[in-house]
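Structural overview for review
If you want the building blocks of each chain, they are given just below.
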Amino acid sequence: MRENEKQRGRRQAPDSSPFGGWWGRHRAWVAGLNRGQRLRYRLCLALGVVAVLAIALVLYLRSWIRLPDVPNVPGQVNNGQTGSQGDNSQGLPNLEYEEAQLPEVTRSGRKEGYYTFLVAGQDQVSGGTDTILLFTYDTRGRKISAISLLRDTMINTSASSKRLNAVYARNRGDRSLSEKERVANGMTALRQEVSKLTGIYPDFYVLVKWEAIGELVDAIGGVHFEVPFLMDYRDPFQDLVIYQEPGYRLLDGRDAMEVIRFRKNSDGTHILGDGGRTEIQRDFLTAVLKECLTPEILLKLPALAQVFLDNVSTDLTIGNILAFAQLAVGMDTENDVNFVSMPFDNVAYRGASLALARQDELLELLNGGLNPYLDEIKASDLQLMYRKSGGGYGVTNAVLADPAVGRAPAAKPKPEETDVKPGDDTDPGTTAAPDASEEPGTQTDPDSTDPGGTGDPADIGSIDPSDIFPDPSPDVMGGEMEDPLQPAA
């Protein structure tokens, strides 16, 4: 005990290290400050700590909020694209897989700062992708271009449904896979098909639940949009009412859902085929994009983030999306955002109204702002279905996957008003049971080779092809209807 008392009473030797000497002098200096000086000192010290933390946060965010690497294409020339083109760390599909018939133009190299995205709107009832958009974002020129591809575009497949919007649901895989894997499978197949139609293999995908559009519109405070005409549809079977006055006004989420789902009025006026409906959806999405590019959108990011997390599947990271958004905010939406629609002709196959892309016009649009490659996209890069003069259909730069398509006579689509069942003409996912027109040999007017050919669905009163070829419906059928003829598109 006496030893402990001696130790407590013994004075400690001063710290002889440089830091110890500095710290002692610093404490003595602080002790000599008056009250006001001491407060100012502590305030400066706190601000210094905050500044250091802010710098550390900025450095961290710069490493997290970054533009993504584009996937590597075998034989492609690297032309200074942001990131390493050979990096596959984001879990992107391998572009060398067997099913990918990549267009030759993809190997010419990339324009610097160009990124491409496949954006699809999924209907939750049918499982199909009713809206399909291909975006090209020139981050250096600060320009966004997009083309809407009709859901009823005829594709080269051995599956019974020849429509583009059936590709995603048909290729998702069985339920033993995780939802993330199934989405990736379906979107990979859809990317392959889009590359055949456009010559552009999309770098990334974004799959949006259609039901989220209304939530998105509410989250950004509404969207100003020109409703082109009176939309008045009433369906007692679904307890569904669509009523939108014409004119330019602010639409809320419910208004938005009514506008993008509209197909015709109850009195039979303003019957929209796939092309007309897609045009309205394209114009509406353009209006939404313009709202999202205003600086004020930054204040609404928390609400938008929740909608995004709940309703969007993508192979982009949140940091990637924020990096793109950061570059886009404040863009001149009138001059630097350009949406176009796929030029097409209406045709019929087994009674269903389908669309064939017009090659020359399509190539002009693709090379007018959408093409991310160094070389121009050529006709040899596309695989487009076309109507043969003697009846039946062929495909450019490929072999027909279904030989029966080449022999099938071209038939006129049936008028929509005679075949649409109650409830089938407003909900993009509502399907009806197939009728006899789906069976071979029941086509009408076998000698007809041009049942419209104008590209305007209103000229022929085209029906909804989902009445003839229903989409797989996991919710209605208790599981997806896998096509035994076509395991992959």
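Quick caveat: nothing in here was measured; it's all calculated off a predicted structure.

**Notes on the pattern of salt bridges**
- Evaluation of the coordinates by the stated rule reveals 14 salt bridges.
- With a shortest N-O distance of 3.7 Å, Arg254 and Glu258 are connected by a salt bridge. Of the two residues, Arg254 and Glu258 are both situated in helix α7 (residues 253–261); the distance of four residues between them amounts to about one turn of the helix.
- In the salt-bridge network here, residues are joined through shared partners; they are Asp130, Arg151, Asp152 and Arg163.

**Some remarks on the packing of aromatic side chains**
- This model, assessed by the stated rule, comprises eight aromatic pairs.
- Aromatic ring contacts, followed pair by pair, group Tyr115, Phe117, Tyr137, Phe204 and Phe324 into a single cluster.

**Focus: helix α10 (residues 318–328)**
- Taken together, the buried positions of α10 are Gly319, Asn320, Ala323, Phe324 and Ala328.
- Trailing α10 by a residue or two, Gly330 shows a phi angle of about 90 degrees, which is positive.

**Here we look at the environment of Asp345**
- With respect to the helices and strands, the residue Asp345 is situated in strand β11 (residues 344–349).
- In sequence terms Asp345 and Gly275 are 70 residues apart; their C-alpha atoms lie 9.8 Å from each other.
- Polar contacts involving the side chain of Asp345 include one to the side chain of Arg358, which spans 2.8 Å.

**A word on the pairing of strand β7 (residues 240–244)**
- Here strand β6 (residues 231–235) pairs with β7 via five bridges, running antiparallel. Looking at the pairing, Met231 lines up with Gln244 of β7.
- The antiparallel pairing of β6 with β7 creates a hairpin that spans four residues between the two strands, and Asp239 there sits at a positive phi of about 55 degrees.

**Section: the packing of helix α6 (residues 212–219) against helix α9 (residues 301–311)**
- Where α6 contacts α9, the axes come no closer than 9 Å and their chain directions differ by 170 degrees. By the angle between their directions, the pair α6 and α9 is classed as roughly antiparallel. Together, Ala212, Glu215, Leu216 and Ala219 of α6 and Ala303, Leu304, Val307 and Asn311 of α9 make up the contact between the two elements.
- In terms of residue class, the contact of α6 with α9 is made up of six nonpolar, one polar and one charged.

**Overview of a nonpolar patch on the surface**
- Together, Leu230, Val241 and Tyr243 make up a nonpolar patch on the protein surface, roughly 230 Å² of accessible area in all.
- In this fold, Val241 is placed in strand β7.
- Look at Val241 and you get partly exposed, because its relative accessible area is 37%.

**Some points on a negative patch on the surface**
- Together, Glu215, Asp218, Asp252 and Asp310 make up a negatively charged patch on the protein surface.
- Mapped onto the secondary structure, Asp218 falls in helix α6.
- In this structure Asp218 comes out as partly exposed when scored by relative accessible area, which is 48%.

**Re the confidence of the model for the protein chain**
- With 69% of its residues at a pLDDT of at least 70, the protein chain reaches an overall mean of 74.
- Low pLDDT (under 50) marks residues 75–98, which in the prediction has 63 contacts with non-local residues, meaning those over four places away or in another chain.
- Confidence drops under a pLDDT of 50 for residues 415–489, and excluding neighbours within four residues, the segment shows 194 contacts in the predicted structure.

**Structural notes on unusual backbone geometry**
- Located in the positive-phi region is Arg142, a residue other than glycine, with phi close to 50 degrees.
- Mapped onto the fold, Arg142 is located in the loop between β2 (129–138) and β3 (143–149).
- Not every positive phi belongs to a glycine, and Asn397 is a case in point at roughly 60 degrees.
- Positionally, Asn397 belongs in the loop between β14 (393–395) and α13 (403–407).

Procedures and definitions
- Residues numbered from 1 in each chain as written.
- Predicted model: local features only at pLDDT ≥ 70, side-chain atom pairs only at ≥ 80, totals over all residues.
- Heavy atoms only, no water.
- Salt bridge = Lys/Arg side-chain N within 4 Å of Asp/Glu carboxyl O.
- Helix = DSSP H or I, 4+ residues; strand = E, 2+ residues; numbered from the N terminus.
- Phe/Tyr/Trp six-rings, centres within 6.5 Å; stacked < 30°, edge-to-face > 60°.
- Buried < 20%, exposed > 50% of the residue type's maximum accessible area, 1.4 Å probe, protein only.
- Polar contact = N/O pair within 3.5 Å; in protein donor to acceptor, adjacent residues only side chain to side chain.
- Pairing = 2+ DSSP bridges.
- Axes fitted to C-alpha atoms, helices over the stretch in contact; angles between N-to-C directions.
- Parallel < 35°, antiparallel > 145°, perpendicular 65-115°, else oblique.
- Contact = heavy atoms within 4.5 Å.
- Nonpolar A, V, L, I, M, F, W, Y, C, P; charged D, E, K, R; others polar.
- Patch = residues over 30% accessible without salt bridge, like charges linked within 9 Å, V, L, I, M, F, W, Y side chains within 5 Å.
- Areas by Shrake-Rupley, 256 points an atom, 1.4 Å probe, with all protein chains shown as cover.
- Lys, Arg positive; Asp, Glu negative; His and termini not counted.
- Charge placed at Lys NZ, Arg CZ, Asp CG, Glu CD.
- pLDDT = per-residue confidence, 0-100.

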